[in-house]
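Each chain, written out:
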Amino acid sequence: MRALCLALALALAACDGAAPAAVAEPADAEGRAVTFLRHHVFDDPAALADRFTPGAQPADFPLRLLVDQPGELAFVDVWRVRSLDGRVVVEALITLRGKPHLQALWLSQQGGVWRIDGWSPRPTPVDPGKPAPSA
């Protein structure tokens, strides 16, 4: 029994230096947008290619260009989700340097996966106390 406990303790100690667990990838458009905004906005553009449709360039995504460091951007919540012409539009409430803004993402389904197909050119300031307009 002691040998088993020792083996488990050693195995747990070895895990301390392990890489962080990968973020689970949701299958729905809203979840894909949220995962991108929470975890991947500042990833290398080449690593983001599978999150975007072929015509959309990850390096051009505006949020990466508007802040000097990742700590100045935070995803807060989904403001509104709409379906338009077979695409899903996710409007996300974010903070830029502590101030609330909305950023819209358009997602299209390709090969069974929702991918970012476009976005609003810049985030717009918003009062988070006001309700989102109806879809």
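Scroll up a little and you will see the structure.
Attention here is on the structure that accompanies the text. On a predicted model such as this, the values are computed, not experimentally measured, just so you know.

1. A word on the side chain of S120
Here is step 1 of the chain: Topologically, S120 is positioned in the loop between β4 (113-119) and β5 (124-125).
Here is step 2 of the chain: The class of S120 is buried, set by a relative accessible area of 13%.
Here is step 3 of the chain: Among the polar contacts listed, one links the side chain of S120 to the side chain of Q103, at a separation of 2.9 Å.

2. Some points on the nonpolar core
In summary, soluble globular proteins display a tendency toward joint burial of nonpolar side chains.
Here is step 1 of the chain: F36, L37, F61, L63, L105 and L107 are the most contacted members of the largest nonpolar core, which totals 25 residues.
Here is step 2 of the chain: Going through the elements one at a time, α2 (29-40), β1 (73-84), β2 (87-96), β3 (99-110) and β4 are the ones with two or more residues in this core.
Here is step 3 of the chain: Once you skip the residues sitting within four places of it in the chain, L37 turns out to touch F61, L63, F75, A92 and L105.

3. Notes on the environment of F61
Here is step 1 of the chain: By the secondary structure assignment, F61 is in the loop between α2 and α3 (62-66).
Here is step 2 of the chain: C-alpha of F61 to C-alpha of G118: the two residues are 57 residues apart in sequence and 8.7 Å apart in space.
Here is step 3 of the chain: Ignoring anything within four residues of it in the chain, the contact list for F61 reads F36, L37, V41, Q103, L105 and W119.

4. As for the environment of V126
Here is step 1 of the chain: Within the element layout of this structure, V126 appears in the segment after β5.
Here is step 2 of the chain: Each C-alpha atom, one on V126 and one on T95, is 9.9 Å from the other, the two residues being 31 residues apart in sequence.

5. Some thoughts on the side chain of H40
Here is step 1 of the chain: The residue H40 is located in helix α2 in this model.
Here is step 2 of the chain: Separated by 2.6 Å, the side chains of H40 and D43 make a polar contact.
Here is step 3 of the chain: There is a polar contact of 3.0 Å between the side chain of H40 and the side chain of R51.
Here is step 4 of the chain: In this structure, H40 is in contact with T35, L48 and R51, ignoring residues within four places of it in sequence.

6. Focus on the pairing of β1
Here is step 1 of the chain: When β1 meets β2, the two strands line up antiparallel, connected through 10 bridges. Bridging across to β2, L84 finds its partner in R87.
Here is step 2 of the chain: What sits between β1 and β2 in their antiparallel hairpin is a turn of 2 residues, with D85 showing a positive phi close to 55 degrees.

How each quantity is defined
For every chain, the first residue of the written sequence is number 1, and numbering continues from 1 along that sequence. Under the rules for a predicted model, residues below a pLDDT of 70 receive no local features and side-chain atom pairs below 80 are neither given nor counted, while totals for whole chains, interfaces and linings still include all residues. Excluded from the side-chain calculations are hydrogens and water; all other atoms, namely the structure's heavy atoms, are used. In this description a helix means any DSSP run of H or I spanning at least four residues, a strand means any run of E spanning at least two, and both kinds are numbered starting from the N terminus. The classification of residues rests on relative accessible area computed with a 1.4 Å probe and restricted to protein chains. Under 20% of the type maximum is buried, over 50% is exposed, and intermediate values are partly exposed. For this analysis, a polar contact is any N or O atom pair within 3.5 Å, provided that within protein one partner can donate a hydrogen and the other can accept it, and provided that sequence-adjacent residues contribute only side-chain to side-chain pairs. By nonpolar core we mean a set of buried residues, namely Ala, Val, Leu, Ile, Met, Phe, Trp, Tyr and Cys, connected to one another through side-chain atoms within 4.5 Å. Contacts between residues were defined by any pair of non-hydrogen atoms, one from each residue, lying within 4.5 Å. A pair of strands counts as paired when DSSP detects no fewer than two bridges linking them.

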